[in-house]
Amino acid sequence: MSSSCSDTDREIVNLLLEEFWVREDTYPAEYRLINEAYPRLQRLFQEKYHMRLGPQRNRGYFRLEKVPVEPFPWMGITTFRRPLDYTLLCATLSILSNKGADEQFLFHSFLEELKLLLGELDLRVKVEWEEYAHRLSLKQVFSFLESMGLLYRHDGDIDGFLYRVDVPVLYEIKPLLGSFLRHHQRDFADFGDAADFIRYEHQQLEGESVTTRLKRTLLLTPALLRHEAPDGQFQNLSMRRQEIGAEFLDVTGYDFEIYGTTAMLMQIERPSGKTLFGNGDSIMSRLMLLFAAFVREKVEANPDLLLHERVVAVSFVTYEAWLEEFKQQTVEYWHKEPSQQWSMARLTSDLLEEMAGWKMVTVDYHDDMIYFEQPFMRNMGVIAPETGSVAV
């Protein structure tokens, strides 16, 4: 793309960053623009962020491969909750990828094929369709494939599988199904474990600059924390803040902010059409937003809690006391949440783990300290009086 991106360019870039893929049947106007600007877009993403835009022109879709520098627990398919969901997704795709595009199949016939395949795998859990949790996982897989446009349901209701195994459902395989998974030169069976696969992914990125890796981290995660950057590189970002900030603003429309321990991309106005953290889709996101407002009140009452640039440091003991007080203050909201049944020990642990996963806090187990980082201090939620729900 040119040295200066237009508003339309930025809209296309953000659409590619937001969506798994941009399909011609879903985004016809945007697909046409990407098709026209494909060589320039491909070069921009490759040179600036080491991200691949594929597959090629006139294939009916474009997909920006968003490979993170480091994976985080919240990355992945948002409707999946258990490892079994992903196991069954991979097994399902393995079976369906051997069928032809537009081929139709009955769900109960597929179950027979899946039973044979699962029997050949060394799984930690034996899949039994008599188990509700196992049926729920497979139902989630088929609902996901349908929502992605990989399967078309001609007849029947997959929700019925939750109540009985022999549910009559007729599916048709869509052409995009074969393009869903990324292709690798190595056979997946060659990887010993997840860590082996991640090492392989990193090897494919050898030769890219540290700055490129850090910029990709900023694009794909809530923030870049100082300890995540190699020695001296966070300071290098700070020294180049004007150059990097101008690039991000031009390409994405986001402001680049960097502080003593945190760098992140920000947009003051709430963007439309984006998947946002804190949208209330999970119990933990709601609790984090409410707890952030509580912590902000504590800091306003006691500014000495601030270390520097809005980073708050407290001991584990203080965190536990704050959480107990927070729960008492919001008791009217808590009775609506399943989390009310959690013990304080579990809540203390689970909330801390979730905040750390979203880079909201840094935990120092050696000194028993918790540091609330910039992303946490820049988010907050309140309980809307009229609905009783959490508003950002």
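To keep things clear, this report deals only with the structure shown in the data block. Predicted, not measured: the structure shown is a model, and the values here were computed from it.

Turning our eyes to something else, we now look at helix 11 (residues 316–329). Helix length check: helix 11, at 14 residues, gives a terminal C-alpha distance of 20 Å against a target of 20 Å (1.5 Å per residue), a fit within 8%. Residues of helix 11 that are buried: Phe316, Tyr319, Trp322, Leu323, Phe326 and Lys327. Buried residues of helix 11 fall within an arc of 135° about the axis and therefore sit on the same side. More than 90 degrees from the buried face of helix 11, the exposed residues found are Val317, Gln328 and Gln329.

Moving on: the pairing of strand 13 (residues 369–372). Residues of strand 13 alternate between two faces, with Ile370 and Phe372 buried on one and Met369 and Tyr371 left unburied on the opposite face. Here 4 bridges tie strand 12 (residues 361–364) to strand 13, and the two strands are oriented antiparallel to one another. Bridge assignment links Asp364 to a residue of strand 13, and that residue is Met369. Counting the residues between successive antiparallel strands, the hairpin from strand 12 to strand 13 contains 4 residues, one of them, Asp368, with a positive phi of roughly 55°.

One open sheet accounts for 3 strands, arranged 1-3-2; its pairing is antiparallel. With partners counted over all chains shown, the strands left at the sheet margins are strand 1 (22–23) and strand 2 (52–54), one partner each. Here strand 1 runs beside strand 3 (residues 61–65); their pairing, made up of 2 bridges, is antiparallel. By the bridge assignment for strand 3, Arg23 is matched with Tyr61.

Looking at where Tyr163 falls in the secondary structure, it is placed in the loop between strand 5 (151–155) and strand 6 (170–173). Looking at Tyr163, the relative accessible area reads 69%, which means it is exposed. Tyr163 sits 28 residues away from Arg135 along the chain, and the two C-alpha atoms are 8.6 Å apart.

With 4 of 5 residues buried, strand 11 (residues 311–315) lies mostly within the body of the structure. Taken together, the 2 bridges between strand 10 (residues 306–308) and strand 11 define a ladder with antiparallel strand orientation. Bridge pairing links Leu306 to Val312 in strand 11. Pairing of strand 11 with strand 13, which is carried by 4 bridges, proceeds in the antiparallel orientation.

The topology assignment puts Glu373 in the loop between strand 13 and helix 14 (374–377). Sequence separation between Glu373 and Met355 is 18 residues, and the spatial gap between their C-alpha atoms is 9.8 Å. Those residues within four positions of Glu373 in sequence are excluded, and the remaining contacts are Leu225, Thr261, Thr262, Val311, Lys359, Met360, Val361 and Thr362.

The subject of this paragraph is the packing of aromatic side chains. A full pass over the atoms with the stated rule returns 33 aromatic pairs. Residues Phe20 and Trp21 carry aromatic rings whose centres are separated by 4.9 Å and whose planes lie at 75° to one another, so their mutual orientation is edge-to-face. Aromatic pair Trp322 and Phe372: ring centres 6.4 Å apart, planes at 25°, arrangement stacked. Taken together, the positions of Trp322 in helix 11 and Phe372 in strand 13 put the pair 50 residues apart, joining distant regions of the chain. There is no split in this pair, since Trp322 and Phe372 are both buried. Grouped by ring-pair contacts, the aromatic residues Phe20, Trp21, Tyr61, Phe80, Tyr86, Phe144 and Phe180 constitute a single cluster.

Over its 14 residues, helix 13 (residues 344–357) runs 20 Å from end to end, which matches the ideal 20 Å to within 8%, given 1.5 Å per residue. Residues Leu347, Thr348, Leu351, Leu352, Met355 and Gly357 constitute the buried set of helix 13. Positive backbone phi, approximately 65°, marks Lys359, located one or two places after helix 13.

Another aspect to go through is the pattern of salt bridges. Summed over the entire model, instances satisfying the criterion amount to 18 salt bridges. A salt bridge links Asp250 to Arg10, with the nearest nitrogen and oxygen atoms 3.7 Å apart. Here Asp250, found in helix 9 (residues 241–251), pairs with Arg10, found in helix 1 (residues 7–18); they are 240 residues apart in sequence, far enough to count as distant. Here Asp250 and Arg10 have matching classes, each one buried. Between Arg153 and Glu146 there is a salt bridge, and its shortest N-O distance comes to 3.0 Å. Overall, the relative accessible area of 29% leaves Arg153 in the partly exposed class. Connected via shared salt-bridge partners are Asp7, Arg10 and Asp250.

Time to look at the packing of helix 10 (residues 283–301) against helix 11. Viewed as axis vectors pointing N to C, helix 10 and helix 11 meet at an angle of 110°, and their least axial separation amounts to 11 Å. The pairing of helix 10 with helix 11 is recorded here as roughly perpendicular in orientation. For the pair helix 10 and helix 11, contact is made by Leu287, Leu290, Phe291, Phe294, Val295 and Lys298 and by Tyr319, Trp322, Leu323, Glu325, Phe326 and Gln329, respectively. Partitioned by chemical class, the residues of the contact of helix 10 with helix 11 number 9 nonpolar, 1 polar and 2 charged.

About the thresholds
- In every chain, residue numbers begin from 1 and rise along the written sequence.
- Side-chain atom pairs in this predicted model are given and counted only at pLDDT of 80 or more, local residue features only at pLDDT of at least 70, and totals for whole chains, interfaces and linings cover all residues.
- Side-chain metrics rest on all non-hydrogen atoms present in the structure, leaving aside hydrogens and water.
- Put simply, DSSP marks the helices as runs of H or I at least four residues long and the strands as runs of E at least two long, and each gets a number from the N terminus on.
- Helix span is expected to be 1.5 Å times the residue number reduced by one.
- Buried means the residue's accessible area, taken with a 1.4 Å probe over protein chains only, is under 20% of the maximum for its type, while exposed means over 50%, and partly exposed covers the values in between.
- Think of the arc as the fan of directions from the helix axis to the C-beta atoms.
- At least two bridges found by DSSP between two strands is the condition for calling them paired.
- Contacts are assigned to residue pairs with any non-hydrogen atoms lying within 4.5 Å of each other.
- Within 6.5 Å between ring centres, the rings of Phe, Tyr and Trp (the latter by its six-membered ring) count as paired, and their orientation is classed by plane angle as stacked under 30 degrees, edge-to-face over 60, tilted in between.
- Salt bridge, as applied in this entry: a Lys or Arg side-chain nitrogen positioned within 4 Å of an Asp or Glu carboxyl oxygen.
- Axes, fitted as lines to C-alpha atoms, cover a helix only where it is in contact. Angles between the N-to-C directions of the axes lie from 0 to 180 degrees.
- Note that the term roughly parallel is reserved for angles under 35 degrees, roughly antiparallel for angles over 145, roughly perpendicular for angles of 65 to 115, and oblique for everything else.
- Amino acids outside the nonpolar list (Ala, Val, Leu, Ile, Met, Phe, Trp, Tyr, Cys, Pro) and the charged list (Asp, Glu, Lys, Arg) are all regarded as polar, and Gly is one of them.

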